[in-house]
Protein chains: 4
Amino acid sequence: MTLPPLDAIPASVAAVTDYEPLARERMSAAAWAYFAGGAGDEWTRRENVAAFDRLPLRPRALRDLSTATTRTRLLGLDLAAPILLAPVAFQRMAHGDGEYATVHAAGALDTVAVVSTQASVDLADLAGLATRPLWFQLYIQPDRAFTAALVRRAEEAGYRALVVTVDAPATGMRWREQRAGFALPAGIEAVNLRGMRGLPPAPRDALLFGTPLAAAAPTWEAIGWLRGLTRLPILLKGIADAGDARRAIDAGADGIIVSNHGGRSLDGAAAAIDLLPPIADTVAGAVPLLMDGGVRRGTDVLRALALGAGAVLVGRPYIFALAAAGAVGVAHVLRLLRAELELAMALTGCPDIAAIDRSILAGRA
Amino acid sequence: MTLPPLDAIPASVAAVTDYEPLARERMSAAAWAYFAGGAGDEWTRRENVAAFDRLPLRPRALRDLSTATTRTRLLGLDLAAPILLAPVAFQRMAHGDGEYATVHAAGALDTVAVVSTQASVDLADLAGLATRPLWFQLYIQPDRAFTAALVRRAEEAGYRALVVTVDAPATGMRWREQRAGFALPAGIEAVNLRGMRGLPPAPRDALLFGTPLAAAAPTWEAIGWLRGLTRLPILLKGIADAGDARRAIDAGADGIIVSNHGGRSLDGAAAAIDLLPPIADTVAGAVPLLMDGGVRRGTDVLRALALGAGAVLVGRPYIFALAAAGAVGVAHVLRLLRAELELAMALTGCPDIAAIDRSILAGRA
Amino acid sequence: MTLPPLDAIPASVAAVTDYEPLARERMSAAAWAYFAGGAGDEWTRRENVAAFDRLPLRPRALRDLSTATTRTRLLGLDLAAPILLAPVAFQRMAHGDGEYATVHAAGALDTVAVVSTQASVDLADLAGLATRPLWFQLYIQPDRAFTAALVRRAEEAGYRALVVTVDAPATGMRWREQRAGFALPAGIEAVNLRGMRGLPPAPRDALLFGTPLAAAAPTWEAIGWLRGLTRLPILLKGIADAGDARRAIDAGADGIIVSNHGGRSLDGAAAAIDLLPPIADTVAGAVPLLMDGGVRRGTDVLRALALGAGAVLVGRPYIFALAAAGAVGVAHVLRLLRAELELAMALTGCPDIAAIDRSILAGRA
Amino acid sequence: MTLPPLDAIPASVAAVTDYEPLARERMSAAAWAYFAGGAGDEWTRRENVAAFDRLPLRPRALRDLSTATTRTRLLGLDLAAPILLAPVAFQRMAHGDGEYATVHAAGALDTVAVVSTQASVDLADLAGLATRPLWFQLYIQPDRAFTAALVRRAEEAGYRALVVTVDAPATGMRWREQRAGFALPAGIEAVNLRGMRGLPPAPRDALLFGTPLAAAAPTWEAIGWLRGLTRLPILLKGIADAGDARRAIDAGADGIIVSNHGGRSLDGAAAAIDLLPPIADTVAGAVPLLMDGGVRRGTDVLRALALGAGAVLVGRPYIFALAAAGAVGVAHVLRLLRAELELAMALTGCPDIAAIDRSILAGRA
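All values reported here derive from a predicted model rather than from experimental measurement. (Residues numbered from 1 in each chain as written. Chains lettered and ligands numbered in written order. Predicted model: local features only at pLDDT ≥ 70, side-chain atom pairs only at ≥ 80, totals over all residues. Heavy atoms only, no water.)

Undergrad: Which parts of the structure should I look at to understand the interface of chain D and chain A?
TA: Many descriptions give the size of an interface as the accessible area lost when the pieces come together. With 42 residues of chain D at the interface, the matching set in chain A holds 45 residues. Buried surface at the junction of chain D and chain A, both sides included, amounts to about 3500 Å², of which 64% is carbon and sulfur. Considering only the surface of chain D that becomes buried against chain A, Leu207, Phe209 and Leu266 of chain D emerge as the three largest contributors, covering 21% of it. At the junction of chain D and chain A, the tally comes to three salt bridges. Notably, a salt bridge pairs Arg179 of chain D with Asp18 of chain A, separated by 3.0 Å at the nearest N-O pair. Inspection of the region where chain D meets chain A yields 13 residue pairs in polar contact (both at pLDDT 80 or more). Of all the elements in the fold, those that place two or more residues in the side of chain D that touches chain A are helix 3 (43–50), helix 7 (175–180), helix 8 (212–216), helix 9 (220–227) and helix 11 (272–283) of chain D. If you tally residues by element for the side of chain D that touches chain A, the top one is helix 7 of chain D, at three residues. (Contact = heavy atoms within 4.5 Å. Buried area = accessible area lost by both parts, 1.4 Å probe. Salt bridge = Lys/Arg side-chain N within 4 Å of Asp/Glu carboxyl O. Polar contact = N/O pair within 3.5 Å; in protein donor to acceptor, adjacent residues only side chain to side chain. Helix = DSSP H or I, 4+ residues; strand = E, 2+ residues; numbered from the N terminus.)

Structure below.
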């Protein structure tokens, strides 16, 4: 698969969000509900985006940009920009090339893609095609033996880190999906989970407490178990509380991702960017700190970095581009965000990532 | 009356509020104005709901959920979840089964229904059918002898507590009702008040001060009178001020319900959830503290508990479900709210009701 | 002119603001622009109303209402309620009965009407018909001799106070009026100003500074001049600054009216209710303090009193009722506001005007 | 070119913003995107305007206006009012008379026009026609020799100050322009830059860092270079940070213009009026301080002056008037703003520019 030139993208796509209506046209209503929707009333999904606009910037002028760069190091990797691709499940539902396109674009644009446990293609096939290191997203499953085998498969395929999702012991209240009658289409499944000993499916509106699912939900003990199982770096994704961040470091995590699961888990959770500052104060550089949720523009990346993140991940933006244009769309999103970040850094007088701090924020509007 | 299985509910009803448009279709415009409307401009009615969204949550991860539970004790009763059915008048106007359906659903879902003084069916008949303890809502009427007899009837029928409404010495300014020409339909009346010596009906736009109604409005003295009349637990419903809460406890109240009458009494009153915190600080566990007003989601229950309530009551949500689907609708609302509360507790790391406190609130958005 | 019974009002008029669409139907577009519009973008006009909703109330329960009353004393007069009719010009443009209807209704409902210098009927004729004391609103005109004669005529006609407007040395930027091509219709004029030596009319978009109008604008000196001219009580209307309030008292004013001229003078001025508190703190009861601007409901009256006003005036609400229904409409507005104020007092536990203070405000929403 | 009388303007144009729809009708969609649009999502462009409404005013009464005036001195010039015309490029795209009309109107209304480096007419021709002193806006170009020659040409043509734009080392992300397919129409060009040695054109979505453009972006060194090159007063336009303001003074700047480039450079930058106060505190009168961004009304001018600006510049307002009505439109805008400023000063009790301070601001709404 060769990446077509970015010129193939119509000029009407000026911004990352311009892919959203294009994706909607190309998806079934149910798939749209799955990718675009969030939990509950979707307050958190909207708030993730809206919260960035409450952080106005203070431009600074006349800085030397002759050696300016967005390059950054993260867990031993050298990235073109501090912008990664978040794990998203079932990408073949968005585009026939699915995760292959995503991984291809990440390689072309010199960044990391995080492959979901629920990817719709084989994790080893993906790694075989990748031109850049990949990370693997992991749900610690009730079937611990299967989970251990899955970790081993990821290691063997050459994945360079594990991103353990900790904010979804059960699926969120996905009202939009339910109203749309969402179900996985034929031919799309979590191929990497084949053979796993699952729990019986829960009926609609099922209670959680007292069920095998609640009993098997991963706890801090599970992190310790995983830590003993692998030498790969472990990042915990879905940390929203400073105390949990402290505990994650104590449990041996190599990185923390502040996230509310894109508003797909607990509706009512604060915006990810609003959850970040107290956690950044607690982590204080002890381990890499990332965030995702609501990043749509280079200025959003800048704000996240100003509030203490070392890098961000984007999810829906690249999925919509994938649906609209395949791999070249995903690459375009990465390119746009980087170009926007560069200009935002130039206009706030930040010649490199280390120069970005809270002094560029002008106080709430 | 047997409760049909919840599967009878269409899948498009994903959330409690999905019953609202269904109810509107099934009700007369006047009945809709009565149940859906509030006082004045309905600022308080809307604000009750909106205020919850100003309390974003802070998720917490990886807690042990193996013994998690929503069970709670309240005035000697053991409830499946801290979610009760608020008193609502004239329920036969919403559905032919009226209060019977409501009481039936409360029993099936293992919680308390509070029966209104203005119920459209006989209080003793209701109690005879109930499979779970009921509470009785009381307006202390100008006709004290009738009021005393009513209390006696409730006691004899087996009601387990009295919920005395204190925030409605006169009916609120119900502009929507007036514009819609609301009047009780033929065949629906407050059957439990038959024979009461009433005051002459007030003309439209009547003044209040200087009238018999103002002279007869219940005061703290009336609470003392009632306290001397019965050994049932007394809860005062409609407390909105910390000083009043203190006084209620001094007057022998066994429980306090923070409420603004669902926005039906004083338009302009603060949202119930905003009235709660200073009262919780004052009550400080001396008696059970409940709240109602604007609760539509499990996350709203969680927030109310975080701010000091021991339980909440819901009103319109179950009335709309009653109108749309009868008893099974009411049961469904209780089930949805409990399922949502469980997930919200799981995602904020609260394995039981006692674990819920202000630390799960992330600060104003 | 006999006041018809309030029953003549259609039941669809539940609130004061229900008269607004009725008035609009009955007025020319130009007259509507004049009465309904404000200065500039009309931010202040809207803000006057909106600001009340930012002052949520804290209900209080179970107070003794047997002797409750809204009666209040103001500059020697005993009023049914602390709600007066603000001066509004050219009322015959709203209804054929013009100011006669307004004064008639004020008498019937036992309150004070303030007659405008720019009334469209003779000030003495009005006073001759009045059944209750009237106040006279005065613009101190460049023609001081005429102004003195006007004051003498008001005294002789029996007006009981002078309300001197101090916030309009020139007419506000009335963009809506200009766009609508507003001009006084034939037969309507400021009859009480006949014979005054006026300034030459200013062309559109005229500058103010350096003109005779600017040179003749009233200053604090003019207040001293007026103070020496009459023994009637003088209220200054349009005070928005605590320093000006202090100076008004020093200049011998007998009362102060906090006002931004209903948003018709300086667009961008803070809401009248937001201007009130620091002025109330400064005046501290030294003279009666009134306010106008945005009062549409009894709860708005209550809030103004809680923040230190002794009474309020309403303008547009009664003008719209006048346009829609004549004198009975004006009377209805006064009655509605009083009935609403009574209920609001009852529900916040205030049995009389003196009991209303800031403790009934729950803090900003 | 003689200025027609202002009476030629239709009465429906009551406010400066009334020109906006008229301009839109007269412009091509692409030209509209260029002049009306901003960078990115245009949050800053909207926020520039919206922020003024968050600064409510406190009227003051009864001040002596007999000698009131808006006259002000600025860098040796005596202006009718503290309202200048901001530099805007390619004005012949808005109206055939282009910059000639603008300069003509500025002269007629006795204020300064700032001519853009990217003007669509010759800078010397403009100066030859001007009846009032002009200022010249300068981008310090990568071609320093050309830049020096350009400065010399401006000096020789009699321009009285240089306004150096410092907030646009690269063009902002102009999404609206890109979506509209904007390109300069045939016959319109930056005539004053003919012969300049330019950089190769960047492809769409080009990165900035590492390019010749980044390497050549002006720095504080460039200000020193310019300072050594000319004796004209130098104002730095686009200062948004108090530290930068301090540095500008240290670098020999004779004036500072707080600006975010009308929201055309960094989307997400705080509103210009919100950026002003800390800079005013730092500058503290050391050099003249101006601002632009969002000024649409005389009350906006007043607020900017209250927060420390000595004068403001307007951009889009006069461009829209130019498009709609040519020179007379531009003159009308200047006249409207001055008339509105006079009234706003009168109603806040400020008889001259020096009297305007923060005491007229009533605190946030």
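Let us keep going from here.
Undergrad: Teacher, can you tell me more about the nonpolar core here?
TA: Where a protein is soluble and globular, its nonpolar side chains tend to be buried together. In terms of nonpolar packing, the biggest core is built from 127 residues, with Met27, Leu236, Ile273 and Met291 of chain C touching the most fellow members. Sorting elements by how many residues they give to this core places helix 14 (residues 327–347) of chain C first, with 14 residues. Setting aside anything within four residues of it in sequence, one finds Met27 of chain C in contact with Trp32, Phe35, Ala94, Ile319, Phe320 and Ala323 of chain C. Formed by 126 residues, the second largest nonpolar core is a distinct cluster that contains Ala89, Leu193, Ala346 and Leu361 of chain B. (Core = buried A, V, L, I, M, F, W, Y, C linked by side-chain atoms within 4.5 Å. Buried < 20%, exposed > 50% of the residue type's maximum accessible area, 1.4 Å probe, protein only.)

Undergrad: Help me understand the packing of aromatic side chains, please; the structure alone is not making it clear to me.
TA: The full count for this structure, using the stated rule, is 20 aromatic pairs over all chains. Centroid distance Tyr34 of chain C to Phe35 of chain C: 5.1 Å. Interplanar angle 80°. Geometry classified as edge-to-face. We note that Tyr34 of chain C, like Phe35 of chain C, is buried. Aromatic ring contacts, followed pair by pair, group Tyr34, Phe35, Phe90 and Phe182 of chain A into a single cluster. Here Arg144 of chain B stacks its cationic end above the ring of Trp225 of chain B, 4.9 Å away from the centre of that ring. Sitting above the plane of the Tyr34 of chain D ring, Arg264 of chain D keeps its charged end 4.8 Å from the centroid. (Phe/Tyr/Trp six-rings, centres within 6.5 Å; stacked < 30°, edge-to-face > 60°. Lys NZ or Arg CZ within 6 Å of the ring centre and 35° of its normal.)

Undergrad: How should I be thinking about the environment of Glu177 of chain A in this particular structure?
TA: All names here are of chain A. With respect to the element layout, Glu177 can be found in helix 7 (residues 175–180). Residue classification places Glu177 among the buried residues on the basis of a relative accessible area of 11%. Excluding residues within four positions of it along the chain, Glu177 makes contact with Ala33, Tyr34, Phe182 and Arg264.

Undergrad: Help me out: how do you make sense of the interface of chain A and chain B in this one?
TA: Facing the 42 residues of chain A at the interface are 45 residues of chain B. Roughly 3500 Å² is buried in total at the junction of chain A and chain B, and carbon and sulfur atoms are behind 64% of that figure. Interface area lost by chain A to chain B is led by Leu207, Phe209 and Leu266 of chain A, which between them contribute 20%. Where chain A packs against chain B, one counts three salt bridges. Note that Arg297 of chain B is salt-bridged to Asp41 of chain A, the shortest N-O span being 2.7 Å. Elements that contribute at least two residues to the side of chain A that touches chain B include exactly helix 3 (43–50), helix 7, helix 8 (212–216), helix 9 (220–227) and helix 11 (272–283) of chain A. Looking at which element gives the most residues to the side of chain A that touches chain B, the answer is helix 7 of chain A, with three residues.

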